[in-house]
Each structure stands twice: as C-alpha cells, then as structure tokens.
Amino acid sequence: MTAPRFWRKINQRYRLVGTECRTCDTAFFPPRDLCPECRRESDIAEKAFSGEGEVVTKTVVHDAISDYDAETPYTLAVVELDEGARITAQVVEGDGEVDVGDRVEACFRRVRDEGEEGIVQYGTKFERV
Amino acid sequence: MLRDVAVVGVGQTSFGEHWERSFRDLFVTAGVRALEDAGVAGDEIDALYGGNMSAGQFIQQEHVAALIADYAGLATERVPATRVEAADASGGLAFRQAVLDVASGASDVVVASGVEKMTDLGSAETTEALAGSADREWEVFGGGNVAALYAMMARAHMDRYGTTRRQLSEVVVKNHENATNNKYAQYTNEVSAELVESTPFVSEPLRAFDCSPASDGAAAVIVVPAEDAEDYTDEPVYVEATEQASGSLAVHDRDDITTLGSTARAAERAYETANVSPGDVDVAEVHDSYTVAEILAVEDLGFAEKGDGGAFVEDGRAAVDGETPVNPSGGLKACGHPLGATGVRQVVDAAKQLRGEAGTQVEDASVAVTHNVGGTGATAVVNVLSDRNGRNRRSR
Ligand SMILES: [Zn+2]
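K.L.:
What exactly am I supposed to notice about the coordination of the zinc ion here?
P.N.:
Ideal geometry at a metal gives 109.5 degrees between four tetrahedral donors and either 90 or 180 degrees between six octahedral ones. Residue and element names in this part refer to chain A. Looking at the zinc ion, the protein donor atoms are Cys21 (SG), Cys24 (SG), Cys35 (SG) and Cys38 (SG), and they sit 2.3 to 2.4 Å from it. The coordination sphere of the zinc ion comprises four donor atoms, whose angles at the metal cover 105 to 112°; the geometry is tetrahedral. Here the donor residues of the zinc ion are spaced in sequence according to C-x2-C-x10-C-x2-C. Residue Cys24 is found in the loop between strand E1 (17-21) and strand E2 (26-28), and its partner Cys38 is found in the loop between E2 and strand E3 (44-48); the two are separated by 14 residues along the sequence. With relative accessibility at 30%, the residue Cys24 sits in the partly exposed group.

K.L.:
So what exactly am I meant to see when it comes to the domain arrangement of chain A here?
P.N.:
Note: interface size is frequently given as the accessible area lost on complex formation between the parts. Residue and element names in this part refer to chain A. Along its sequence, chain A is carved into domain 1 (14-48) and domain 2 (51-129). On a C-alpha basis, the centres of domain 1 and domain 2 stand 23 Å from each other. Facing the seven residues of domain 1 at the interface are 10 residues of domain 2. Taken together, the two surfaces of domain 1 and domain 2 that pack against each other cover about 720 Å², and 70% of this comes from carbon and sulfur. Contact with domain 2 buries area across many residues of domain 1, yet Tyr14, Leu16 and Phe29 alone supply 76% of it, more than any other trio. In this structure, the connection of domain 1 to domain 2 is made through zero salt bridges. Scanning the region where domain 1 abuts domain 2 turns up zero residue pairs in polar contact (both at pLDDT 80 or more).

K.L.:
Teacher, can you tell me more about a nonpolar patch on the surface here?
P.N.:
Residue and element names in this part refer to chain A. On the surface, a nonpolar cluster with roughly 260 Å² of combined accessible area is contributed by Phe108, Val120 and Tyr122. You can see Tyr122 is positioned in strand E8 (residues 121-128). Residue class for Tyr122 comes out partly exposed when judged on its relative accessible area of 31%.

K.L.:
What am I meant to see in the nonpolar core here?
P.N.:
The tendency in soluble globular proteins is for nonpolar side chains to be buried as a group. All names here are of chain B. The biggest cluster of nonpolar side chains holds 64 residues, and the ones touching the most others in it are Tyr150, Tyr271, Tyr290, Leu301, Phe303 and Val384. For this core, the leading source of residues is helix H7 (residues 146-161), giving 11 residues. Discounting residues that sit within four places of it in the chain, Val384 has contacts with Tyr238, Val239, Glu240, Ala241, Ala270, Tyr271, Ala274, Val276, Val367, Ala368 and Val369. Val5, Ala89, Val283 and Val348 belong to the second largest nonpolar core, which has 34 residues in total.

K.L.:
Please explain helix H11 (residues 291-300) of chain B as it appears in this structure.
P.N.:
Residues and elements named next belong to chain B. Where burial is concerned, most of H11 is hidden: 10 out of the 10 residues are buried. Inspection of H11 places Thr291, Val292, Ala293, Glu294, Ile295, Leu296, Ala297, Val298, Glu299 and Asp300 among the buried residues, and these make up the whole buried set. Structurally, H11 contributes buried residues whose contacts are with H7, helix H8 (165-179), strand E6 (206-207), helix H10 (261-274), helix H12 (309-314) and strand E10 (367-374). One or two residues past the end of H11 sits Gly302, with phi positive at roughly 85°.

Parameters and conventions
- Residues numbered from 1 in each chain as written.
- Chains lettered and ligands numbered in written order.
- Predicted model: local features only at pLDDT ≥ 70, side-chain atom pairs only at ≥ 80, totals over all residues.
- Heavy atoms only, no water.
- Donors = N, O, S within 2.8 Å, 3.2 Å for Na, K, Ca; no water.
- Tetrahedral: all angles 85-135°; square planar, octahedral: opposite > 155°, others 65-115°.
- Helix = DSSP H or I, 4+ residues; strand = E, 2+ residues; numbered from the N terminus.
- Buried < 20%, exposed > 50% of the residue type's maximum accessible area, 1.4 Å probe, protein only.
- Domains from an automatic or database assignment.
- Contact = heavy atoms within 4.5 Å.
- Buried area = accessible area lost by both parts, 1.4 Å probe.
- Salt bridge = Lys/Arg side-chain N within 4 Å of Asp/Glu carboxyl O.
- Polar contact = N/O pair within 3.5 Å; in protein donor to acceptor, adjacent residues only side chain to side chain.
- Patch = residues over 30% accessible without salt bridge, like charges linked within 9 Å, V, L, I, M, F, W, Y side chains within 5 Å.
- Areas by Shrake-Rupley, 256 points an atom, 1.4 Å probe, with all protein chains shown as cover.
- Core = buried A, V, L, I, M, F, W, Y, C linked by side-chain atoms within 4.5 Å.

Spelled out as structure tokens, the structure:
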C-alpha cells in the first residue's frame, strides 16, 4: 500500500476509529460515510471502538502476498467488535492457539515491515484477553 | 427479456500454461472457433464484449477490448468492443451484457468473450494481482488474500455445519475425474483424497490442491435472437435467464459468511425468470475457485440444503450420474481458471452438454446452469440455459 493511501486512514488504522450511523444506531469499522441501510437518511459521525471483541472465524496463512511473506505462518481472523462491526486482522499468538469464540482485544503493532515505498506500516492486530 | 436470445456458436482454447502464446493469440483462437462453430462472418457482428480481470497487472495492457476487436479483424468493421470487469466474474458479465444487448433489440449478432494471460507473472505476483478482487484497504492490509478469505469461510462452514476436510477433498477428486475426458482442461489426471490432503497448506484448512490454478486461456460464444437461431445451427442453446447480484466486497461485512448472498439472489431471480426450480436443473457448471466455493455453490444454488453441500458432493449426488451433476467439465479446479475467461468457458461447456457433445456427458441434459463468482462473492452471475426439449418432455 502506497504511503498516501496508508496515511489517509492513519487515524482509523492506529486508533481503531470508525463511524456510526446515528439514524439507525449502527457502528461501522472499517468506516463508512454512507449507511447502507439508511442511505440518504444517514447521519454519520466518528466513533471510537473499544477494541474488544470475539473471533468469528480464523485461518492460519501459510502462503501470503509478498509483503507479509516473512511473517508466515500467521493467524488471520474475522473479529466481531463489541460495538457490532467486524474487521479482518491478524491475531498475535501469545499463549497458545487462538480459537473461534475466543475474546480478543486490539493491540497496536507493526503490520508491514516494509511497504512499497520502504516505510514501516503500523496498525491493529488482536491478542487473546 | 424483450427478445429471447440463443447461443449459436461456442469456442475456447485449451486452458493451461501457454508460454508460447500471447494474450492476443489466445482470444483470436477462441473467437475464430466460436465464429466457425456458428458459421458467422466477421461483417455480420454488431458488437463484442470482452471479459478480462487484470491484463493491466498481468501483461500491463489496458484497453483490451479494442485490442481484441483489432486482432479479431473487427476494428476495420468499426465493431463496438467493450471490456467488462468484475474480477473473475468478468466472463459471466461479458456474456450477460451480450445477451442483454441482443435482448434489447440494439444488436443482432454479438460476441461474448473472455480472456486472461496469467502465467507471465510468478506466483507471488499472481497472488498479489488476485488480491485486487478483495478489499485491499481492509482485508488485504490486515494480512488477507483470496485463499485466506475462502479458508475462513471454510472454517466457519465446518464449525457450523460439520463439513469435513475429506468433503473438501472429494470436490477435487470428482472434478479431476470429470476432466479426464476434457481435451481443453489444464489437468486431466485423476487424484485421490489422500493426495489432496498431502499437499501443503495455503491457508488452513485449504491446501494447495483445494485451489484452482493460474492459467492462460480464452473462450467465446456467439449470441443471436432466438427467432434467428436456426439460421445458424441445428442445435441452438436458449438463454432462459441471465441474472447478476452483488454482495459486500469484504467477507467481514457479511452477516453470514457461510453463504454467498449474491449467488443466492442471482439464482432465485434466474429460476423465477426461467420458470424452473433447482430440481429441474440437469447439469451445472459452478465457480469452484476453491473447493469450499463449490460446497457453498451447491447450497446457494439450491441443489443441496444449507449446510449439506459437503455431504452432497461426498455422497455422489454431484457426480455425473448423480442427482445434479456439478462441473462435469472438471470445473475451475481441473479445467484451469484464466480469470476473465472462466464465465464464458462455463457457457461453452454448458452448451456442449445441451447439444450432447461434452467429453463427460450428462445423459439427456436439457436444462443447464452456469454460476460465476467475482473474488470472494461480491459479484455473482447465474445463467439458465436450455435446449427447449426437456420442457416439452416434462409437459407430456
Ligand atoms: Zn443507518
């Protein structure tokens, strides 16, 4: 991912800031500027997520795209945040294998050692609570 | 549809690693075969649609519909040529656009084609290009790629419905066996479930042999108004329905990740338009880009109950002599998967089944379904084709 594309969403990537639709009380992460349910009646505002959630499904990636190759094998999961949105992120394997249904919390980690432009990119990963 | 439409000619290249053949060689070969099959001359063609996912990344060539028209000898005729892109559903969409063009009355003779030249790139670059069908900013940045996303769908399906690793393997066993009679297939060797399970993990629980390969290839079909079809062929294949539906780009945004809502909706509309039920379908060519995708497909297309797709395949109900034969061509797994060509190749194989000239032939096939998916399911196309004989048979 190029530097401008990464920095554009730096707040969201670093601090897990998404959005919510105040019309229907739905939280979005990744952020959306338009609520798919309310569309033109959307009332969108920024929303900070607690970073806590639960593993919905997972895999262990052995064959990754090149920027992630050095980290294989790694655990990738869909995590449902307590506020209701879902995110695809790595789960840091600390004390044993993470499983579906496990409680996890966000941690700020290096996501890519070297982006296409040689920068280190940080973002959200998860670890078991 | 305003006018009924028929397929009157089909053609394809063999799929595989064609290092000696270029992008343009491939589609010219497929296009000429389709035109010869239909007995259509170049100056009769009113429009061309070309499905292609990613020539920009694979061969750094954009504007490929113009290239196709040019090298197919249609630029001198000023034939309008349109590229259609929806990841690896590009071919299915190109076919649908061609059908709608004829159905609307705007055009009479239209070429639907699909082509992809993948093997000039190495496997790392190919994985990278494929990842463009997922959400680059939020799935791929997090460490995902298409195989990993399907792996997570597989895991969820196993957890919820008890689908087994062996059932995934049986998809490969069946599709490879079917392809042994397909001279255009990339793999024509039989494989055992044990062999599948001995290949390395790509993304757990998916292994190397759960994945369709990178391939070069092209396919083309000619569509005309149904009322003119017999001017071109004794065996027209009628397009009873062509439907398309969308789903969220990212897998994580789906309420239920054990189903492709796009497939289910496109299928529901297609069956309604064609006035058939899933039980009427004699043969289906479905999008098995990964083994789990075929299990999802047989459920979402209504051949099996939700959650029963693994058993459906394992029990032989998807076999060529089963309840609903699925992928008698060998599917994406064994035929190969040149992304933009696949959706058109499926129509080629379905047409051959209805004409009774397929390699692995389903007996008395008269209603066929083709099912083409973009990426992890944000786009799905479902077509219903028939020879219009079965219907008469059933009504007697
Ligand atoms: Zn809303």
